[in-house]
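One-letter residues, chain by chain:
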Amino acid sequence: MTVTKAPEKVFKCSNCGGPLNYTPETIVCVCEYCGTVNWFSAGRFEIFILPTRSRDEVVNAFWSRMKRDPDMSKVYGEIELMEVQGFYIPVLLGDVSARGGWVGFKRITEKRGKSYVTRTVTERGSFDTQQRLAVEARREAAEYGLQELISQAKSASDPQPLAAIEWKKVGLPVLNAEVLSEEAVDELKDMAEDELRESIRSSKGLDGFYFYSCETNVNGFWILLVPLWSLVYKYKGGMYRVSVSGYNLQSLRISEPVFLSQRIIYLAGSTLTVVAGSLLLPFLQHGWLPLGLFILASAAGAFLSSKSISDIREEKWK
């Protein structure tokens, strides 16, 4: 018996009839043929876009960076650019106001005579602030350099309404947005509360909170389409990745091979941190400070050791 599958439903653009890259989680899809916004949800919001630089400009920026890099410039002639792709990432931006108060504590270790004494200090404060936040507008976003791109998108000064763009000049596919308006509000509120809590904890040097209260309000939110370019290059059989913001060619992330000189530096650093940690061992019973320094030295040694045996290192593109 032959079972015939029902034909899959093909979603087409409401303007030009072109096929849409639709998934069950898609909220809004921008047609890659004509730029028309196709909504799959009743909750709609404004969409803006940042114009992208051309493919040639992105490629030239890549080669320029390789020439400036002290290590990569030595092997410049052995680098082969394998792939260059650009696409638009939907980023959710919102203006959030927050007010509240907190009571926190921090532990201070002091030396008294030949011993160390730890005491707990209580601090309190309040806040009333506004901030612009940004988060990916996709449920499963794993694009290389995405978080760095989102950080840059918050400060973009010249976004344009999508309707004002001549779509033929865009020339890049657009990834679908998958965040409902209700989810957007909740996401921005949670982010504002978490970022403020961490900012207070870090700036005040707190070890924790006895009490933290934060009341948030989302004053407005929108989708910003930001161009991300992804490049893949080859060096001596290894494949490496580069990501760059298409609207200003600013740095995101780049992976590079680990050269012998760098392995030696990592190994030397690892050895020094291990030695420093061993020197702290006799003082661990004298309070939190020696213990904290020992843990820090151990973590640094493990990190540098792992870097020394890795074939790939990552840097911010400068």
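Residues numbered from 1 in each chain as written. Predicted model: local features only at pLDDT ≥ 70, side-chain atom pairs only at ≥ 80, totals over all residues. Heavy atoms only, no water.

Under the 1.5 Å per step criterion, the end-to-end length of helix 3 (residues 181-204) is 35 Å for 24 residues, consistent within 8% with the ideal 34 Å. Restricting attention to buried positions, one finds in helix 3 the residues Ser-181, Ala-184, Leu-188, Met-191, Ala-192, Leu-196 and Ile-200. Just downstream of helix 3 lies Gly-205, where phi reads positive at about 65°. (Helix = DSSP H or I, 4+ residues; strand = E, 2+ residues; numbered from the N terminus. Expected span 1.5 Å × (residues − 1). Buried < 20%, exposed > 50% of the residue type's maximum accessible area, 1.4 Å probe, protein only.)

The next thing to look at is unusual backbone geometry. Notably, Lys-236 is not glycine yet its phi reads approximately 50°, a positive angle. Its location among the elements puts Lys-236 in the loop between strand 7 (208-235) and strand 8 (238-245). We classify Lys-236 as exposed; its relative accessible area is 65%. For Leu-249, which is not glycine, the phi torsion reads 60° and is therefore positive.

Here we take up the pattern of salt bridges. As enumerated under the stated definition, the model contains 10 salt bridges in all. Across the salt bridge formed by Arg-119 and Glu-110, the nearest N and O atoms sit 3.1 Å from each other. You can call Arg-119 partly exposed: its relative accessible area is 37%. Ionic contacts of the salt-bridge type, sharing partners, join the residues Arg-65, Asp-69 and Glu-256 into one network. (Salt bridge = Lys/Arg side-chain N within 4 Å of Asp/Glu carboxyl O.)

What follows concerns the environment of Pro-24. Here Pro-24 lies in the segment before strand 1 (28-30). Between the C-alpha atoms of Pro-24 and Phe-40, which are 16 residues apart in sequence, the distance is 9.4 Å.

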